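# Architecture and fold: a report
The lines below spell out each chain.
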Amino acid sequence: MKFYRFVIKLISPLVKLFLRVKIVDLRSTKELPEKTIICANHLSNWDPVLTVVATGLPINFMAKESLFRVPILKNIIRAFGAFPVSKSGQDTSAIKKAIEIIKSGGCFSLFPQGTRLHIEPQAEQAKKGVGFICAKAESGVLPVGIYTKNYKIKLFRKITVTIGDVIKFEDIDFGPDGKDYLNASQHIFGKICDLVKLEKK
């Protein structure tokens with residue numbers, strides 16, 4: 001953990017410099033619920049780094065299993081809390097691990113869209129995965145909006161990362177039966193989309 005925080009402090013100035021990152025923190029309090037998922041819209045492979053730099057939190061996240069076959073890289077990303085998920089995205093063992101991390105009080109990062117999109121985020125783009133994990137872990141969500149011109153991240157092109165108030169578990173809409181995970185995901189992602197719209201102004 002100390003190593004993780006040391007590296008965050010080391011790389012944050014470089015990331016802010018070369019990606020021209022502006023962080024806007026709109027939270028009324030920085031206290032997080034005991035169980036929290038950090039969710040953002042997904043533009044590029046830089047997004048996990050941007051989320052870590054913006055929040056300063058030691059975040060666990062899923063990464064493509066192919067990355068864990070690269071000798072040096074696999075050790076680095078494991079040190080940063082990454083664990084493998086199959087390309088299909090339907091990896092039940094990875095989902096179980098994510099829920100275990102959240103239940104144990106660890107921060108976990110997930111992108112509701114499930115894939116990188118270079119278009120304006122809309123609530124209906126969200127997949128049901130975030131809603132499912134929230135329901136099973138009974139966790140709140142810290143929403144993060146990432147915006148840059150044309151939604152394509154490039155060196156020295158300004159990026160704004162906006163952090164919103166935590167969406168409490170009891171405020172997430174799981175539908176009348178409490179099992180509408182897609183509706184929950186879209187409810188959460190709608191909050192993220194609102195943050196992105198603020199960034200565009």
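A brief report on the enclosed structure follows. Starting from 1, residues in each chain are numbered consecutively following that chain's sequence as written. Local features in this predicted model are restricted to residues whose pLDDT is 70 or higher, and side-chain atom pairs enter the listing and the counts only when it is 80 or higher, whereas totals over whole chains, interfaces and linings include all residues. Where side-chain values are given, they derive from all heavy atoms of the structure, hydrogens and water being excluded.

### Describing the sheet that holds strand E1 (residues 21–25)
- One requirement defines pairing of two strands: DSSP has to find at least two bridges between them. Strands here are runs of E lasting at least two residues and helices are runs of H or I lasting at least four, both read from the DSSP assignment and numbered beginning at the N terminus. Read across the sheet, seven strands follow the order E1-E7-E6-E2-E5-E3-E4 without closing on themselves; strand pairing throughout is mixed. On the outer flanks of this sheet lie E1 and strand E4 (82–85), each paired with one strand and no other. The sheet shows a mean angle of 25° between the axes of neighbouring strands, direction not considered. Comment: axis = line fitted to C-alpha atoms, over the contacting stretch for helices; angle = value between 0 and 180 degrees taken between N-to-C directions.

### Re the packing of helix H4 (residues 92–103) against helix H5 (residues 129–137)
- At a minimum axis distance of 9 Å, the contact between H4 and H5 shows a crossing angle of 50°. With respect to H5, the element H4 is oriented oblique. H5 is crossed by H4, and the crossing has right-handed handedness. Taken together, the residues of H5 that come into contact with H4 (itself represented by Ile95, Ala98, Ile99, Ile102 and Lys103) are Phe132, Ile133, Lys136 and Ala137.
- Under the convention adopted here, Pro, Cys and the residues Ala, Val, Leu, Ile, Met, Phe, Trp and Tyr are nonpolar, Asp, Glu, Lys and Arg are charged, and Gly plus all remaining residues are polar. Of the residues contributing to the contact of H4 with H5, the split by class is seven nonpolar, no polar and two charged. Angle categories are assigned with fixed cut-offs, so that under 35 degrees is roughly parallel, over 145 is roughly antiparallel, 65 to 115 is roughly perpendicular, and the rest are oblique. Helix crossings are classified by the rotation of the near helix relative to the far one: an anticlockwise turn of less than a right angle makes the crossing left-handed, while a clockwise turn makes it right-handed. Contact between two residues is taken to exist if any of their heavy atoms lie within 4.5 Å; hydrogens are not considered.

### Describing the side chain of threonine 36
- Tracing the backbone shows threonine 36 in strand E2 (residues 36–40).
- Three exposure classes are used, based on accessible area relative to the maximum for each residue type with a 1.4 Å probe and protein chains only: buried under 20%, partly exposed in between, and exposed over 50%. Judged by its relative accessible area of 2%, threonine 36 falls in the buried class.
- From its side chain, threonine 36 meets the backbone oxygen of proline 33 in a polar contact 3.0 Å long.
- When sequence neighbours within four positions are dropped, the list of residues in contact with threonine 36 reads Ile102, Gly106, Cys107, Phe108, Ser139, Gly140 and Leu142. Throughout this description, a polar contact denotes any pair of N or O atoms lying within 3.5 Å of each other; where both atoms belong to protein, one of them has to be capable of donating a hydrogen while the other can accept it, and for residues adjacent in sequence the pair is counted only when both atoms sit in side chains.

### Some words on the packing of aromatic side chains
- Each pair of aromatic rings taken from Phe, Tyr and Trp, with Trp reduced to its six-membered ring, is defined by centres within 6.5 Å and is described as stacked if the planes are under 30 degrees apart, edge-to-face if over 60, and tilted in the remaining cases. As enumerated under the stated definition, the model contains five aromatic pairs in all.
- Their ring planes at 65° and their centres at 5.7 Å tell us that phenylalanine 18 and phenylalanine 156 sit as a pair that is edge-to-face. Taken as a pair, phenylalanine 18 in helix H1 (residues 2–18) and phenylalanine 156 in the loop between strand E6 (140–148) and strand E7 (159–163) lie far apart in primary sequence, 138 residues in all.
- Exposure remark for phenylalanine 18: the relative accessible area of 37% places this residue in the partly exposed category.

### Remarks on the environment of glycine 140
- The residue glycine 140 is located in strand E6 in this model.
- With relative accessibility at 3%, the residue glycine 140 sits in the buried group.
- Each C-alpha atom, one on glycine 140 and one on glutamate 34, is 8.6 Å from the other, the two residues being 106 residues apart in sequence.
- Ignoring any residue separated from it by four or fewer positions in sequence, one finds glycine 140 in contact with Lys35, Thr36, Ile37, Ile167, Lys168 and Phe169.

### Topic: the side chain of glutamine 113
- Here glutamine 113 shows up in the loop between strand E5 (107–110) and H5.
- By relative accessible area, which is 2% here, glutamine 113 ends up buried.
- Within the structure, the side chain of glutamine 113 is placed 2.7 Å from the backbone nitrogen of histidine 42, a separation counted as a polar contact.
- Sequence-distant contacts of glutamine 113, defined by excluding residues within four places in its chain, comprise Asn41, His42, Pro121, Gln125, Ala126, Lys127 and Phe189.

### Brief notes about the pairing of E7
- A large share of E7 lies buried, amounting to five of its five residues.
- Residues Ile159, Val161 and Ile163 of E7 are buried on one face, and the alternating residues Thr160 and Thr162, pointing to the opposite face, are buried as well.
- Judged from the five bridges that link them, E1 and E7 form a sheet pairing that is parallel. Pairing of isoleucine 23 across the sheet is with valine 161, part of E7.
- Where E6 meets E7, five bridges bridge the pair, whose relative direction is antiparallel. Within E7, the position partnered with valine 144 by the bridge is isoleucine 163.

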